[in-house]
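# Structural features, examined
One letter stands for each residue in the lines below.
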Amino acid sequence: MLIGLISDTHITEKRGKLPQKVFEEFANVDLIIHAGDITQKKVIDELEKIAPVKTVLGNNDKLDLNKTEIFDIGNFKTGINHGTNYSDNFDKLYKLAGKLDVNILVTGHTHRPHLKIIDNVLFINPGSSNRPIKSDASIVVLKIDKSHKSVSDIEVNFIKL
């Protein structure tokens, strides 16, 4: 299964649109996860033309979304949370992952990509596709196979936009 990860798009009526490369890189994904700060529902609508979208509320969103979503991908329980107050603090992220009982935790907010594995929990932030901070604009594509038993088996591809 291929999963596209995106966050912090910050699209407004006056500013910006999703980069064309997002559509190209996500063309074959089975699911898209948006880790918040969408700001316009049309972003979800555009992404849903590619694949189903799971998303959460970011600190700049005024959409009717949950702050956290939990679901299964293959053998892994996966959580999404924008991570407003702790998305670059791995101690706090680890506690959140434990509270949610997830193997994969996708966050956003920092506008900088990260990837870390702690005790068979994958912590991943795809960065920002439109407004990166001290990094390149980026998205992620994950490849998760049913044979994967450990998060270290997951193929992670960070893509610069």
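This structure is a prediction, so every number in the text was calculated from the model and none was measured.

### Some details on the sheet that holds strand S1 (residues 2-6)
Ordered in space as S3-S2-S1-S9-S10, the five strands form an open sheet in which the pairing is mixed. Two strands in the sheet have a free side with no partner beyond their single neighbour: strand S3 (53-55) and strand S10 (155-160). Between one strand and the next, the sheet's axes are offset by a mean angle of 20°, whatever the strand orientation. Examined bridge by bridge, S1 and strand S9 (residues 138-143) share four bridges and lie antiparallel to one another. Looking across to S9, one finds that Gly4 is bridged to Val141. Packing of helix H2 (residues 41-48) onto the sheet brings it into contact with S1, strand S2 (31-34) and S3, and relative to S3 it is tilted by some 150°.

### Side note on unusual backbone geometry
One non-glycine residue with positive phi stands out, namely Asp37, at about 60°. Residue Asp101 is not a glycine yet carries a positive backbone phi of 60°. Mapping Asp101 onto the fold places it in the loop between helix H3 (90-100) and strand S6 (104-106). Classification of Asp101 as exposed rests on a relative accessible area of 53%.

### With respect to the side chain of Ser128
Structurally, Ser128 can be placed in the loop between strand S8 (121-126) and S9. A residue is classified by how much of its surface remains accessible, and Ser128, at 0% relative accessible area, is buried. At 3.3 Å, the side chain of Ser128 forms a polar contact with the backbone nitrogen of Asn130. If near-sequence neighbours (up to four positions away) are discounted, Ser128 is found in contact with Ser7, Asp8, His111, Asp136, Ala137 and Ser138.

### Observations concerning the pairing of S1
Along any regular strand the residues' side chains alternate between the sheet's two faces. Burial analysis of S1 places four of its five residues in the buried class, which makes it a mostly covered element. On the question of chirality, the crossover connecting S1 to the parallel S2 by way of helix H1 (residues 20-25) is right-handed.

Rules used throughout
- Residues numbered from 1 in each chain as written.
- Predicted model: local features only at pLDDT ≥ 70, side-chain atom pairs only at ≥ 80, totals over all residues.
- Heavy atoms only, no water.
- Pairing = 2+ DSSP bridges.
- Helix = DSSP H or I, 4+ residues; strand = E, 2+ residues; numbered from the N terminus.
- Axes fitted to C-alpha atoms, helices over the stretch in contact; angles between N-to-C directions.
- Contact = heavy atoms within 4.5 Å.
- Buried < 20%, exposed > 50% of the residue type's maximum accessible area, 1.4 Å probe, protein only.
- Polar contact = N/O pair within 3.5 Å; in protein donor to acceptor, adjacent residues only side chain to side chain.
- Right-handed = clockwise from strand over helix to strand, strands pointing away.

Function-wise, these values are silent; they only describe arrangement.
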